Amino acid sequence: KIAYDTISCYWLTPRRIRKKMEKQGVRGPVPRPLVGNILDVAALLAKSTAKDMSSIDHNIVDRLLPHYTTWTKQYGKRFIYWNGMEPRLCLAETELIKEVLSKNSNVCGRSWLQRQGTKHFIGKGLLMANGEDWYHQRHIVAPSFMGDKLKSYAGLMVECTDKLIQSLETELDSGRTEFEIADYMKQLTADIISRTEFDANSDKGNQIFHLLTLLQHLCAQASRHLCLPGSRFFPSKYNREIKSLKMEVERLLMEIIQSRKDGVEIGRSTCYGSDLLGMLLNEMQRKKDDGDNGFSLNLQLIMDECKTFFFAGHETTALLLTWTIMLLATNPNWQQKVRHEVNQVCHNGATPSVEHLSKFTLLNMVINESLRLYPPATVLPRMAFEDIKVGDLEIPKGLSIWIPVLAIHHSEELWGKDVNEFKPERFASKPFSGGRFIPFAAGPRNCVGQGFALMEAKIILAMLLSKFSFTISDSYRHAPVSVLTIQPKYGVQVYLTPINSYQP
Ligand code: HEM
């Protein structure tokens, strides 16, 4: 059986998929045994990112998805390439993208390779869940990011941003003028998501998030360690480090969970709390009390969910903020226009509240344009678990569909000749939906934290813009790189100037 499974996995299935796609006219670069086209992608990326960009140019597709631009020229809008033994169909047609994202969420999902690469880091949390499990998990957590619950986080976001502003002001007072903004944004969004998950700004929470950051960096190297079959079982230094970090994170999480349980048992509190962790524990208890034997929400899954939300919920938003500040720091007109709007909406320098957010029209346009030019998630992967039909294409079971978000957001055909220019006015009239503007994906499996992220971004940017003016520093080197998300290789250095008085 093992021999048959191995032959099937490494030879028969790939051969079947290649033949089926070739019959439909979908071709691609020739794969090598075991590694597929991994080395080709790595070589193209090494070349395209070897140097910084010569100017602050937003035409970054050739740099970050060089394999996409190379192969789409050779093989057309749909082509197939191999990430090791995993075949990937690159799909850039908006009608087909809409179909993939809106339908098929029950028969498409995360591939084995993706789940394996993030197993120790986020486990079976929502981001990596599939099928029925995904459906139940999504329904349990979604209410935490909607309606009044979502609005209730605004105060916490303001509080954390205030703390950051105070520390920036202290540094300005001591004579510092240049700041690397990416790190500040990462700390701020980590602070916000950790307090959303664990209510109090506990030391344990901070410790957990520090370890999770280390774990995330190690797991980001996973694809390099997964080329060889069974390599995850080797007792290598890499695997040992991952395991021990994971155990430490889970030990700390269990301590928090235990102290909440103790609180309920001795009658100090009536429920497990109103933060994300509390909500998950309450739901587990409710299911137990109701004798619900359906979907099982156990402690391991609750810990995986906490890790998932930290991972999915802070770096992406930090990048949105970082790139938006870079864009505003290099476009003073827009910076001034948005600051003026913030001051008009929040009279007399008031801090932004939920009621103000829908009135930030220009800020909203700037955020959308930033998400278009620098979408934190550059690709959306979906593996077909059954044979499915998408448009005219028959997609065989086992084929991963890869939607190159970055390339679609920079397509001249879809956006016009000025596609690589920063022009927030393109978002003035209507929201771009469907397969053309998809920074948060779309359909049932879209980003569950989209409302949270946009509220957070608007509050933070409005508060920062009303306190400081930003100018790009001479030391800023424009060198976006893609490490799961689009990051500025050397950070974003800006000069901050305080705006002391209320400017109408
Ligand atoms: C600007 C910020 C953000 C961006 C651009 C973003 C983008 C995305 C995208 C593109 C997906 C779909 C991934 C895929 O299908 O492959 C996704 C899923 C997800 N996001 Fe976000 N996200 C952001 C912020 C957040 C925040 C703040 C949270 C949590 C508070 C969050 C939690 C999640 C989760 C849990 C999923 C998985 C949803 C599911 O599979 O049902 N995200 N995000």
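Just above sits the structure.
Worth saying up front: this structure is predicted, and the values here are computed from it rather than measured. (Residues numbered from 1 in each chain as written. Predicted model: local features only at pLDDT ≥ 70, side-chain atom pairs only at ≥ 80, totals over all residues. Heavy atoms only, no water.)

J.: Would you mind going over the overall build of the protein in detail, with residue names and values included?
T.: Of regular secondary structure, the protein possesses 21 helices and 12 strands. By the compact-globule yardstick of 23 Å for 504 residues, the protein fits well, its C-alpha radius of gyration being 23 Å. Along the first, second and third principal axes, the C-alpha set of the protein runs to 70 × 65 × 45 Å. Burial statistics for the protein: of 504 residues in total, 52% are counted as buried. Considering only contacts in the protein between residues 6 or more positions apart, those separated by 24 or more positions represent 74%. Of the roughly 22900 Å² of accessible surface on the protein, 54% is carried by carbon and sulfur atoms. If you average the places of the 61 positive and of the 53 negative side-chain charges in the protein, the two averages end up 7 Å apart. (Helix = DSSP H or I, 4+ residues; strand = E, 2+ residues; numbered from the N terminus. Rg over C-alpha atoms; globule rule 2.2 N^0.38 Å. Buried < 20%, exposed > 50% of the residue type's maximum accessible area, 1.4 Å probe, protein only. Contact = heavy atoms within 4.5 Å. Areas by Shrake-Rupley, 256 points an atom, 1.4 Å probe, with all protein chains shown as cover. Lys, Arg positive; Asp, Glu negative; His and termini not counted. Charge placed at Lys NZ, Arg CZ, Asp CG, Glu CD.)

J.: Now, about a positive patch on the surface: what can you tell me, with residues and values included?
T.: Among the surface-exposed residues, Arg15, Arg18, Lys19 and Lys23 lie close enough to one another that they form a single positively charged patch. By secondary structure assignment, the location of lysine 19 is in helix H1 (residues 2-23). You can call lysine 19 partly exposed: its relative accessible area is 49%. (Patch = residues over 30% accessible without salt bridge, like charges linked within 9 Å, V, L, I, M, F, W, Y side chains within 5 Å. Salt bridge = Lys/Arg side-chain N within 4 Å of Asp/Glu carboxyl O.)

J.: Explain the site of the ligand to me, and be specific about the residues and the numbers.
T.: Around the ligand there are 28 residues in total, and Trp134, Arg138, Arg382, Arg445 and Cys447 lie nearest to it. Measuring from an oxygen atom of the ligand, one finds a side-chain N or O atom of arginine 110 at 3.1 Å. Contacts to the ligand include tryptophan 134, whose side-chain N or O atom sits 2.7 Å from an oxygen atom. Of all the secondary structure elements, the ones that give two or more residues to the shell around the ligand are helix H7 (131-141), helix H15 (299-329), strand S5 (380-384) and helix H21 (450-467). (Near = heavy atom within 4 Å. Polar contact = N/O pair within 3.5 Å; in protein donor to acceptor, adjacent residues only side chain to side chain.)

J.: Go over the sheet that holds strand S12 (residues 493-498) with me, naming the residues and quoting the values.
T.: Note on sheets: strands pair through backbone hydrogen bonds, and any given pair is parallel or antiparallel. An order of S4-S12-S9 is seen for the three strands of this open sheet, with the pairing classed as antiparallel. Bordering the open sheet on either side are strand S4 (178-180) and strand S9 (468-472), each of which pairs with just one other strand. The mean inter-strand angle of the sheet, taken between neighbouring strand axes irrespective of direction, is 40°. Of the pairings in the sheet, the one linking S9 to S12 comprises five bridges and is antiparallel in character. Considered in S12, the bridge of isoleucine 472 is made with valine 494. Across the sheet, helix H9 (residues 154-173) is in contact with S4, S9 and S12; its angle to S9 comes to roughly 70°. Along the sheet, H21 contacts S9 and S12; its crossing angle with S9, the most-contacted strand, is approximately 90°. (Pairing = 2+ DSSP bridges. Axes fitted to C-alpha atoms, helices over the stretch in contact; angles between N-to-C directions.)

J.: Break down the nonpolar core for me, citing the residues and quoting the values.
T.: Among the nonpolar cores identified, the biggest contains 124 residues, and Met185, Ile208, Leu464 and Val494 are the most heavily contacted of them. The greatest single-element share of this core, amounting to 17 residues, is contributed by H15. Core analysis: the next-biggest nonpolar cluster, separate from the first, contains 25 residues, Val26, Leu91, Ile97 and Ile403 among them. (Core = buried A, V, L, I, M, F, W, Y, C linked by side-chain atoms within 4.5 Å.)

J.: Which residues make up the coordination of the iron atom of the ligand, and what values go with them?
T.: Among protein atoms, the single one acting as a donor to the iron atom of the ligand is Cys447 (SG), 2.3 Å away. Considering the arrangement of structural elements, one finds cysteine 447 in the loop between helix H20 (412-415) and H21. (Donors = N, O, S within 2.8 Å, 3.2 Å for Na, K, Ca; no water.)

J.: Residue-level account of the pairing of S12, with values.
T.: Sheet topology note: the S4/S12 ladder contains three bridges and is antiparallel. Paired with glutamate 178 across the strands is tyrosine 495, a residue of S12.

J.: Let's hear about the pairing of strand S8 (residues 400-403): which residues, and what values?
T.: Residue alternation in S8 divides its side chains into two sets, Ser400 and Trp402 and Ile401 and Ile403, and both sets are buried. As paired elements, strand S2 (residues 86-91) and S8 share three bridges and run parallel to each other. From the neighbouring strand, cysteine 90 faces S8, where its bridge partner is tryptophan 402. Relative to S8, S5 is paired through four bridges, and the arrangement is antiparallel. Counted as the bridge partner of arginine 382 is isoleucine 401 from S8.

J.: Outline helix H11 (residues 203-219), listing residues and values.
T.: Given a rise of 1.5 Å per residue, 17 residues ought to cover 24 Å, and the 24 Å separating the end C-alpha atoms of H11 matches this to within 8%. Of the positions making up H11, those classed as buried are Gly205, Ile208, Phe209, Leu211, Leu212, Leu215, Gln216, Leu218 and Cys219. (Expected span 1.5 Å × (residues − 1).)

J.: I'd like a rundown of the environment of glycine 123, residues and numbers included.
T.: Position of glycine 123 relative to the elements: it lies in the loop between helix H6 (112-122) and H7. Its relative accessible area of 13% is what places glycine 123 among the buried residues. A sequence separation of 327 residues divides glycine 123 from glutamine 450, and the C-alpha atoms of the two residues are 22 Å apart. Setting aside residues up to four positions removed in sequence, glycine 123 forms contacts with Thr118, Met128 and Asp304.

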